[in-house]
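Understanding the architecture of this molecule
Chain by chain, the residues run as shown.
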2 protein chains.
Amino acid sequence: MANLTRLKHEFTRSSDFLIAIGDQTRQKIMIALLDEKVIHQGLQVTDLVGVTGLSRPAVSHHLKILKEAKIVDYRREGTKNFYYLTHQTKAIDQLKTLLDHITEVMACNQQR
Amino acid sequence: MANLTRLKHEFTRSSDFLIAIGDQTRQKIMIALLDEKVIHQGLQVTDLVGVTGLSRPAVSHHLKILKEAKIVDYRREGTKNFYYLTHQTKAIDQLKTLLDHITEVMACNQQR
DNA sequence: TTTAATGGTTTAAAATAACGAACGGATAGG
DNA sequence: CCTATCCGTTCGTTATTTTAAACCATTAAA
């Protein structure tokens, strides 16, 4: 009962995140950002254009979505914007919670 | 290095699942199916039409996507199709693995 | 066999998302 | 001040997704 209401909220809460990370282009961007452990100062939009093979406006568009999903953030330096992953695990944790609850409810149904 | 290659594959592997569960209508369908713990014999398409407020072809379409993502399956009884959640946790587990690895790589970057 | 119920598929329309060309704003360097 | 660099935004186009009307197949019931 309350379980399903909770699930409903958790689905809603994780929707943006799910949509954000479901897209192939955005996955490429995230992987590139995960990769920059050497540089560790963020990647410029121009760099990500190279990674994705898309135009700058397209990349800019995806970065906006990732930014709104709190997955990335950026820092200005002159005219340059350095994008990096917010090292927040909040969205990840919330999604994990959702997945756990789904598993839980399924297991509960399973046994009867 | 190999970490990122692995992540890339895991992203690809979970893509269908992410896209499937990111949609609001499909979330409604899944919640309805999770709810049928009393009946526990599956829900008919007509039932799901009521739940979602959409037309039958639309529901049928979403069920197809959920079916291809191995999230639901169905059983025929005469002219009736009873849809239920495959109680497979494989896709869920794979996604959890992905999330764990992301967290891992992020933590690794964090410390330097 | 005829009629009703159930539901998948095809088709076409509508809504949404993704995309690049062109533009403009801000900053750095000369 | 002028020029170049970097990047977001606007706009119109294209691609993809979502949707329902119409159609067809299957099965059950009369």
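Residues numbered from 1 in each chain as written. Chains lettered and ligands numbered in written order. Predicted model: local features only at pLDDT ≥ 70, side-chain atom pairs only at ≥ 80, totals over all residues. Heavy atoms only, no water.

With an unreviewed UniProt entry as reference, chain A is termed Winged helix-turn-helix transcriptional regulator, source organism Levilactobacillus tujiorum.

Examining the pairing of strand β2 (residues 80–85) of chain B
Residue and element names in this part refer to chain B. As defined by bridge partners, strand β1 (residues 72–77) adjoins β2 across six bridges and the pair is classed as antiparallel. When the bridges of β2 are listed, Arg76 appears paired with Asn81. The loop that links β1 with its antiparallel partner β2 comprises two residues; one of these, Gly78, has a positive phi angle of about 65°. (Pairing = 2+ DSSP bridges. Helix = DSSP H or I, 4+ residues; strand = E, 2+ residues; numbered from the N terminus.)

So, the sheet that holds strand β3 (residues 80–85) of chain A
To summarise the sheet geometry, strands pair through backbone hydrogen bonds and adopt either a parallel or an antiparallel arrangement. All names here are of chain A. Judged by pairing direction, the sheet is antiparallel, and its three strands sit side by side in the order β1-β3-β2 without closing on themselves. In the strand order of this sheet, the two ends are held by β1 (43–44) and β2 (72–77), each with one partner. Where helix α2 (residues 24–35) meets the sheet, its contacts fall on β1, β2 and β3, and the angle it forms with β3 comes to roughly 90°. (Contact = heavy atoms within 4.5 Å. Axes fitted to C-alpha atoms, helices over the stretch in contact; angles between N-to-C directions.)

A look at the relation of the copies chain A and chain B
The two copies are related by a screw motion: chain A maps onto chain B through a turn of 180° and a shift of 0.0 Å along the axis, at an RMSD of 0.1 Å. Considering both components of the superposition, the chain copies are consistent with a two-fold axis. Among all residues of chain A, the minimum C-alpha distance to the rotation axis is found for Leu18 of chain A, at 3.0 Å. Here 100% of the contact residues of chain A are again contact residues in chain B; the copies associate through an equivalent surface. (Least-squares fit on C-alpha atoms with pLDDT ≥ 70 in both.)

Focus: the protein's contact with DNA strand C
Lining the immediate surroundings of DNA strand C are 22 residues, of which Ser55 and His62 of chain A together with Thr46, Arg56 and Asn81 of chain B lie closest. The contact atoms of DNA strand C, taken as those within 4 Å of the protein, divide so that sugar and phosphate hold 59%. Interatomic distance of 3.5 Å between a side-chain N/O atom of Asp23 of chain A and a phosphate oxygen of DNA strand C. In the model, a phosphate oxygen of DNA strand C is placed 2.5 Å from a nitrogen or oxygen of the Asn81 of chain B side chain. (Near = heavy atom within 4 Å. Polar contact = N/O pair within 3.5 Å; in protein donor to acceptor, adjacent residues only side chain to side chain.)

Observations concerning the pattern of salt bridges
Throughout the structure, instances matching the rule amount to six salt bridges over all chains. For Glu104 of chain A, the salt bridge identified is with Arg6 of chain A, shortest N-O distance 3.9 Å. Taken together, the residues span a long stretch of sequence, with Glu104 of chain A in helix α5 (residues 90–110) and Arg6 of chain A in helix α1 (residues 2–22) at a distance of 98 residues. With a relative accessible area of 28%, Arg6 of chain A lands in the partly exposed category. Of the charged contacts in the structure, one is a salt bridge between Asp100 of chain A and Lys96 of chain B, with a shortest N-O distance of 2.7 Å. Taken together, the positions of Asp100 of chain A in helix α5 and Lys96 of chain B in helix α5 (residues 90–110) put the pair across two chains. We classify Asp100 of chain A as partly exposed; its relative accessible area is 37%. (Salt bridge = Lys/Arg side-chain N within 4 Å of Asp/Glu carboxyl O. Buried < 20%, exposed > 50% of the residue type's maximum accessible area, 1.4 Å probe, protein only.)

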